[in-house]
Amino acid sequence: MTSSGTTTSSDHHTLAVVGSGFAGVGAAIGLAPLHQGSVVIFERAATLGGVWRDNDYPGAACDVQSLLYSFSFAPSHRWRHTYARQPEIREYLDRVARDHGLLPRLRTQCPVTSLTWDASAARWTLETPRGTSTADHVVLATGSLADPSLPAVDGIESFAGPMFHSSQWDHDTDLTGMRVAVVGTGASAIQFVPRIQPLVESLTLFQRTAPWVMPRDDKPISARTRTLLKSVPGYQRAARAAIYLEREVKLLAFRHPALMAIGEREGRAHLAHAVSDPVLRQKLTPDYRMGCKRILLSDEYYPALAQPNVSVETAGVATVTPTGVIDTNGTAHEVDAVIFGTGFDTSRLPLTDSVFDGSGRSMADTWGDSPRAYLGTTVAGFPNLYLMHGPNIALGHTSVILMFESQIAYIEKAMRRAMTARGSIEPTARAQAEYSTDIDDLTDGTVWTSGGCSSWYLDPAGRNSNLWPGSILGYRRRAARFDEKHHAVHTNAVPR
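Residues numbered from 1 in each chain as written. Predicted model: local features only at pLDDT ≥ 70, side-chain atom pairs only at ≥ 80, totals over all residues. Heavy atoms only, no water.

### Looking at the nonpolar core
If you look at the biggest cluster of nonpolar residues, it comprises 60 residues, and the most contacted ones within it are Phe-22, Phe-71 and Val-139. Broken down by secondary-structure element, the contributors of at least two residues to this core are β1 (12-18), α1 (22-30), β2 (39-42), α4 (86-99), α12 (400-420), α13 (429-443) and α15 (472-480). Counting residues per element, this core draws most heavily on α12, which supplies 11 residues. With 29 residues, the next largest nonpolar core counts Ile-196, Leu-284, Tyr-302 and Ile-339 among its residues. (Core = buried A, V, L, I, M, F, W, Y, C linked by side-chain atoms within 4.5 Å. Buried < 20%, exposed > 50% of the residue type's maximum accessible area, 1.4 Å probe, protein only. Helix = DSSP H or I, 4+ residues; strand = E, 2+ residues; numbered from the N terminus.)

If you want it as structure tokens, here you go:
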């Protein structure tokens, strides 16, 4: 089945993967010994790539070093920068998918609209615009940063000029000479603001909360180093391990917030070096413990904000008019374009409101305000379904791809057990509850709950349901141990 194919009444697969970013591509490759080619990847967009396809705004790049932000089974010697740019990452993911024969299994522009568990047949029914498909097992790899979040602002639809979210960048709009408003100061904004600042007549940045910004120290990777990565056995593995260890050590400060004072001194020095104006410097100084929100990396953000054509407003946006925005102080700002760097909707994993158990109840309804999953991957009541980047899989200190690979190792064991039973598998409600308690215990006292800020890490119930609060090694050990008593295995009575 190619990306241009259509589904049929007999369109059945051992494995269906929903989403084609790092998580989906990694799962399709890692689970190949089990699906043996009986796999389909559904992608709602026109090409694969996930978050690295969508976020192609000026300056888009990773904030984890290239050698670690890649699959361990697919090392690359082609990285050009310590921190890879978006086109490099996109090309890498395309190449990995192509090298592992996934492109013929990819169905682009084919969003899954619903998934329903058929208990009698022990399989999932997936509805798409092209028809119905079924699968014994489903990996939901939609990602937690897939749907852009726009603020609820009066008049937002009345603006007469270009208006877009950073993940939906309008490349047809030439910002040269324009008066531009940027709303939000998160990870995307600190990358695109320095790129557009030299082009625009004026840039008005609306900052709700000042982020902690640390030096990036990005460097080109020399041709000599790339040769070593390619030719010297073990060189890349050793370099990757060094980066991994350095980042794991930094986890101590997240878990023991008093240690963050060391990083805060460096952050303030970084700000003072770039911004001499005391008023602006005060606006840009965070008032919460470093690490409570995502720590951002940039050598260019602060210098861009110090330029004469930039103003930083700490009042929020109250109203959008056809010609500009009015802030919460009542001040009108006339602008020609508005760009939202306001992040993503992380209140629930995408599509979970359309994933239904055998009784017709959605996963989102089961979760309520606080998503929970065993190992962040499987959910009681939803057999043979595996969440990539599910609850408590995101990271605040290192590469999430390390978590994906650990998840895949667990999924492989669960799938194998279900296939041996010729049926289905799910975690027990007790195992899921005990794991959630472990998450709460690990989170207690960390910077994420005691750092004095509000962040997307915490759900509407005030609980950490997004971040894994421990070490990579700690999660890997849990995922590597498949505990039979933590699972309910159902034998399928329907012959195959």
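From this point on, the discussion continues.
### Examining α4
If you check α4, its first and last C-alpha atoms are 20 Å apart, about what 14 residues at 1.5 Å a residue would give, namely 20 Å. Burial in α4 covers these residues: Gln-86, Glu-88, Ile-89, Arg-90, Tyr-92, Leu-93, Arg-95, Val-96 and Ala-97. Buried positions along α4 lie against α1 and α3 (51-54). With its phi angle positive at about 70 degrees, Gly-101 sits one or two positions after the end of α4. (Expected span 1.5 Å × (residues − 1). Contact = heavy atoms within 4.5 Å.)

### A word on the pattern of salt bridges
If you walk through the whole model with that rule in mind, you get 19 salt bridges. For Asp-94, the salt bridge is made with Arg-90, and the minimal N-O distance between the two is 4.0 Å. With Asp-94 and Arg-90 both in helix α4 and four residues apart, the pair spans about one turn of that helix. Sharing partners across several salt bridges, the network here consists of Glu-43, Arg-53 and Asp-54. (Salt bridge = Lys/Arg side-chain N within 4 Å of Asp/Glu carboxyl O.)

### As for unusual backbone geometry
The phi dihedral of Gln-36 is positive, around 45 degrees, even though this residue is not glycine. Topologically, Gln-36 is positioned in the loop between α2 (32-35) and β2.

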